[in-house]
Amino acid sequence: MTEKELIESGNMKMDWARNHMPVLAIVREKFEEEKPLKGLKVGMALHVEAKTAVLVETLAAGGAEVSITGCNPLSTQDDVSLALDTRKNISCFARYGVESQEYYEAIDRVLDIKPDITIDDGADLIFKLHTERTDLLPNILGGCEETTTGVHRLHAMEKEGALKMPVIAVNDAMTKYLFDNRYGTGQSAWDGLTRPTSLLVAGKNVVVAGYGWCGRGVAMRASGLGANVIVTEVDPIRALEAKMDGYRVMKMADAAKLGELFVTTTGNRDILTAEHFKSMPDGAILANSGHFNVEIDMEALASLAKSTRTVRHNIKEYDLGDRRINVIAEGRLVNLAAGDGHPAEVMDMSFANQALCVRYIAENKLSNGVHKVPLELDTFVAKMKLKSMGITIDELTPTQECYMSGWECGT
Ligand SMILES: NC(=O)c1ccc[n+]([C@@H]2O[C@H](COP(=O)([O-])OP(=O)(O)OC[C@H]3O[C@@H](n4cnc5c(N)ncnc54)[C@H](O)[C@@H]3O)[C@@H](O)[C@H]2O)c1
Ligand SMILES: N[C@@H](CCSC[C@H]1O[C@@H](n2cnc3c(=O)[nH]cnc32)[C@H](O)[C@@H]1O)C(=O)O
């Protein structure tokens, strides 16, 4: 494709996404009217694809100058990246398939605009700001973090007194994790698994590692597709929940022998290791839908392999001699590296939260540390989403409110 065709394709993807993001549209209209971000610079490291692009144009509509790069080397869609870069007040440095050095150079270029506010998915910008670019910290009003693992890291930094800026944990908004992590990952992980493999899920033994919000979604949809789902966990309560939701629960050492398709969703490292690869059935397929490329020990797999080859686009086969193991998208996020990411209707809520939190940072002086998304913003997103779906719900009567809250009206 020529550059012109790529830009056209990126713009078309953005039009489609925008039409399915009604809550973000409400936020954008307000931003256009009130320009709450006028004069501010926003630096972002998120998956550069069409839904993210709609968030970027929303921030620009609010008056911000935006600079963005990717948060995963395999999730960038170059057509969207180019289309974004043509827009006024927006620079985009993301490219698909970049090596580590180029990836981190792009993070630096985003920071070169001297952002007032950052938006991260995995704390890449914040990490740089606290290591090599500390000179920029005094200028920062605050940041927003999109994902569970990023929020964990920020809490760890805060605990050690290392976090030198305010950050809003957008992931922890109910209108984010209950929908994005569960229904978003539940659907898009299967998009990323079925596109490259083109295989049947029904009847397969699917092992889901981790029964958090993502794991619940992935297991639920696997079950809906007819798989026999096995869950592995380290948390006894979540393991019990998985059991009572109807799945088999066991140690990974046992699940490894049975699984035909493995999906990691833990946010942890070393979930599938050499010990497991050696006992998996021939032809097992492995994918990660959690965080980063460390849930599957790719180094151990490479060192066990006698040879490797690409068997289909986005699938690499590791031949261990007595069995072959297939890995999708190098063990990186399967839903974004091999699929098209979460559905637009879900990212609508996640990114409406992001836009509202950026505005909140611009209008309130926050102390250094991790902050919750204000409940009124979370509730606003839920209300607008219901409205966009044409759903109305009941309201408490004054008598009911008294009954629920006071002890005198009780029983
Ligand atoms: N693919 C996506 O688009 C997407 C979307 C949202 C979140 N995420 C990422 O997915 C990961 C999980 O997010 P979440 O919101 O579900 O988190 P969560 O904390 O709700 O769930 C993680 C679960 O993994 C379990 N776990 C940890 N170590 C384990 C181990 N060794 N074996 C088995 N289970 C283990 C934990 O006990 C927990 O129940 C995070 O890294 C998050 O950033 C990815
Ligand atoms: N940067 C890390 C972090 C995990 S991404 C997980 C986050 O991606 C977000 N996400 C999922 N699908 C999309 C999408 O289509 N567009 C933009 N962000 C997405 C989602 O909100 C979730 O919290 C990595 O790539 O390994």
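The name given to the protein in an unreviewed UniProt entry is S-inosyl-L-homocysteine hydrolase, and the organism recorded there is Methanosarcina spelaei. Listed under Catalytic activity (unreviewed entry) in UniProt, the entry text for the protein is "S-inosyl-L-homocysteine + H2O = L-homocysteine + inosine". Within the UniProt record for the protein, the comment given under Subcellular location (unreviewed entry) is "Cytoplasm".

Asker: Just give me the short version of helix α2 (residues 22–34), but keep the residues and values in it.
Answerer: Given a rise of 1.5 Å per residue, 13 residues ought to cover 18 Å, and the 19 Å separating the end C-alpha atoms of α2 matches this to within 8%. The set of residues buried in α2 consists of V23, L24, V27, R28 and F31. Buried residues in α2, looked at end-on, bunch into an arc of 135°, giving them a common side. More than 90 degrees from the buried face of α2, the exposed residues found are E29 and E33. Buried residues along α2 sit in contact with α1 (3–19), α3 (50–61), α15 (344–363) and α16 (375–388). Residue K35 follows α2 closely and has a positive phi angle near 45°.

Asker: How would you summarise the UniProt feature "domain: S-adenosyl-L-homocysteine hydrolase NAD binding" (unreviewed entry) in the protein if you had to cite specific residues and measurements?
Answerer: Mapped onto this numbering, the UniProt entry gives "domain: S-adenosyl-L-homocysteine hydrolase NAD binding" (unreviewed entry) at residues 181–341. Here residues 181–341 is 37% helix and 23% strand, with 11 Å between the C-alpha atoms at its ends.

Asker: Requested: an account of the side chain of K176, with residues and values cited.
Answerer: Residue placement: K176 occurs in helix α8 (residues 174–197). Within polar-contact distance, the side chain of K176 engages the side chain of N171 at 3.0 Å. Not counting the four nearest positions on each side in its chain, K176 is found in contact with E146, T147, V170, N171, N181, S350 and N353.

Asker: Describe the site of ligand 1, and please don't skip the residues or the numbers.
Answerer: Taken together, the neighbourhood of ligand 1 is formed by 27 residues, with T147, T148, T149, E233 and N335 sitting nearest. T149 places a side-chain nitrogen or oxygen 2.4 Å from an oxygen atom of ligand 1. Here a nitrogen atom of ligand 1 sits 3.2 Å away from a polar atom, N or O, in the side chain of N268. Protein contact buries 87% of the 860 Å² of open area that ligand 1 shows by itself. Within the residue set of the shell around ligand 1, elements represented by two or more residues are α7 (148–159), α8 and α9 (213–224). Among the elements that make up the shell around ligand 1, the one with the highest residue count is α8 (three residues). Partitioned by chemical class, the residues of the shell around ligand 1 number six nonpolar, 17 polar and four charged. Mapped onto the domain boundaries, the shell around ligand 1 takes at least three residues apiece from domain 1 (3–176 + 342–389) and domain 2 (184–338).

Asker: Tell me what's going on with the site of ligand 2, and back it up with residues and numbers.
Answerer: Close to ligand 2 lie 21 residues; N72, E146, K176, D180 and F292 are nearest. The separation between an oxygen atom of ligand 2 and a polar side-chain atom of H47 is 3.3 Å. Contact with the protein chains removes 95% of the 570 Å² of surface that ligand 2 exposes when unbound. If you list the elements that add at least two residues to the shell around ligand 2, you get α3, α8 and α15. Its residues assigned to classes, the shell around ligand 2 comprises six nonpolar, eight polar and seven charged.

Asker: Tell me what's going on with the sheet that holds strand β4 (residues 117–120), and back it up with residues and numbers.
Answerer: On the basis of which strands lie adjacent, the open sheet formed by seven strands has the order β3-β2-β1-β4-β5-β6-β15 and parallel pairing. Because the sheet does not close on itself, it has two edges, and the strands there are β3 (90–92) and β15 (369–371). Averaged over all pairs of adjacent strands, the angle between their axes in this sheet comes to 20°, without regard to strand direction. When strand β1 (residues 41–45) meets strand β2 (residues 65–69), the two strands line up parallel, connected through five bridges. Paired with M44 across the two strands is I68, which belongs to β2. The strands touched by helix α5 (residues 100–111) are β1 and β2; relative to β2, the strand with the most contacts, the crossing angle is about 170°. Contacting β1, β4, β5 (142–145) and β6 (166–169), α15 runs over the sheet at an angle of about 165° to β5.

Asker: Can you explain the packing of α15 against α16? Please cite residues and give values.
Answerer: What describes two packed helices is the angle between their axes and the distance between those same axes. Direction vectors running N to C along α15 and α16 enclose 140°, while the axes themselves pass 10 Å from each other. In the crossing of α15 with α16, the sense of the turn from one axis to the other is right-handed. Residues E345, D348, M349, A352, N353, L356, C357 and Y360 of α15 pack against L377, D378, F380, V381 and K385 of α16. Split by residue class, the contact of α15 with α16 holds eight nonpolar, one polar and four charged.

Asker: Please provide a residue-by-residue account of the sheet that holds strand β10 (residues 261–264), values included.
Answerer: The strand order β9-β8-β7-β10-β11-β14-β13-β12 describes an open sheet built from eight strands, whose pairing is mixed. The open sheet is flanked by β9 (248–249) and β12 (307–312), the only strands paired with a single partner. The pairing of strand β13 (residues 315–319) with strand β14 (residues 324–328) spans five bridges and is antiparallel. From the neighbouring strand, K316 faces β14, where its bridge partner is V327.

Asker: Just give me the short version of the domain arrangement of the protein, but keep the residues and values in it.
Answerer: Each domain of the protein was delimited in the assignment, giving domain 1 (3–176 + 342–389) and domain 2 (184–338). For domain 1 versus domain 2, the separation of C-alpha centres amounts to 29 Å. Of the roughly 1,100 Å² buried between domain 1 and domain 2 on both sides combined, carbon and sulfur atoms contribute 62%. If you sort the residues of domain 1 by the area they bury against domain 2, L74, T149 and H342 come out on top, with a joint share of 46%. On inspection of domain 1 and its partner domain 2, the count reaches zero salt bridges.

Rules and cut-offs
Residues numbered from 1 in each chain as written. Chains lettered and ligands numbered in written order. Predicted model: local features only at pLDDT ≥ 70, side-chain atom pairs only at ≥ 80, totals over all residues. Heavy atoms only, no water. UniProt positions renumbered as here; feature names shortened; annotations may be inferred. Helix = DSSP H or I, 4+ residues; strand = E, 2+ residues; numbered from the N terminus. Expected span 1.5 Å × (residues − 1). Buried < 20%, exposed > 50% of the residue type's maximum accessible area, 1.4 Å probe, protein only. Arc of directions from axis to C-beta. Contact = heavy atoms within 4.5 Å. Polar contact = N/O pair within 3.5 Å; in protein donor to acceptor, adjacent residues only side chain to side chain. Near = heavy atom within 4 Å. Areas by Shrake-Rupley, 256 points an atom, 1.4 Å probe, with all protein chains shown as cover. Nonpolar A, V, L, I, M, F, W, Y, C, P; charged D, E, K, R; others polar. Domains from an automatic or database assignment. Pairing = 2+ DSSP bridges. Axes fitted to C-alpha atoms, helices over the stretch in contact; angles between N-to-C directions. Left-handed = near helix turned anticlockwise from the far one by under 90°. Buried area = accessible area lost by both parts, 1.4 Å probe. Salt bridge = Lys/Arg side-chain N within 4 Å of Asp/Glu carboxyl O.

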